[in-house]
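A closer look at the structure
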Amino acid sequence: QVQLVESGGGLVLPGGSLRLSCVASGLSFSNYGMGWFRQAPGKEREFVARINWSGSGYSDSVKGRFTISRDNAKNTVALQMNTLKPEDTAVYYCAARRKWVTSYEYWGQGTQVTVSS
């Protein structure tokens, strides 16, 4: 049974930083591409960042501010978020997919990030 568990969300001031973590279990972690997505109230879920066998990638809205990393020994993927803006407020989700699968197969329950003064 695959499980993805996110943590690290919270309330932060504009310009502040947060680090999200996602621990995966029930899968061969190194064989999975990992991604972060977010969903703000009233909006569709959107891609934030990914990391896999070909490297990492980011949405234009977070490029230069967010950094995704993974530790295959610990089955974890992290998202370091700097210079946070109110528009970054959303529920952030971790997701996993196998190399030959085009869509993300497994999703975490999400962690809330609120950027507000």
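Read on for a plain summary of the structure. (Residues numbered from 1 in each chain as written. Predicted model: local features only at pLDDT ≥ 70, side-chain atom pairs only at ≥ 80, totals over all residues. Heavy atoms only, no water.)

Let's talk about the pattern of salt bridges
Counting across every chain of the model gives five salt bridges. Close ionic contact of arginine 38 with aspartate 88 constitutes a salt bridge, the shortest N to O distance being 2.9 Å. Taken together, the residues arginine 38 in strand S4 (residues 32–39) and aspartate 88 in the loop between strand S8 (76–81) and strand S9 (90–98) connect sequence positions 50 residues apart. The pair arginine 38 / aspartate 88 is uniform in exposure class, with both members buried. (Salt bridge = Lys/Arg side-chain N within 4 Å of Asp/Glu carboxyl O. Helix = DSSP H or I, 4+ residues; strand = E, 2+ residues; numbered from the N terminus. Buried < 20%, exposed > 50% of the residue type's maximum accessible area, 1.4 Å probe, protein only.)

Focus: the environment of glutamate 44
With respect to the helices and strands, the residue glutamate 44 is situated in the loop between S4 and strand S5 (46–52). Judged by relative accessible area, glutamate 44 falls into the exposed class, the value being 71%. Setting aside residues no more than four positions away along its own chain, glutamate 44 makes contact with Arg38 and Gln39. (Contact = heavy atoms within 4.5 Å.)

Observations concerning the sheet that holds strand S1 (residues 3–7)
Across the sheet, four strands lie side by side as S1-S3-S8-S7; this open sheet has antiparallel pairing. The strands lining the two open edges of the sheet, one partner per strand, are S1 and strand S7 (66–71). Recorded for the sheet is a direction-independent mean angle of 15 degrees between the axes of neighbouring strands. (Pairing = 2+ DSSP bridges. Axes fitted to C-alpha atoms, helices over the stretch in contact; angles between N-to-C directions.)

A short note on the state of the cysteines
Counted according to the given criterion, the structure contains one disulfide. Two residues share a disulfide in this structure: cysteine 22 and cysteine 94, whose sulfurs sit 2.1 Å from each other. Disulfide cysteine 22-cysteine 94: the torsion about the S-S bond is -70 degrees, which places it as left-handed. One end of the pair, cysteine 22, is in strand S3 (residues 18–25); the other, cysteine 94, is in strand S9, with 72 residues separating them in the sequence. On the basis of relative accessible area, cysteine 22 is assigned to the buried category, the value being 0%. (Disulfide = S-S within 2.5 Å.)

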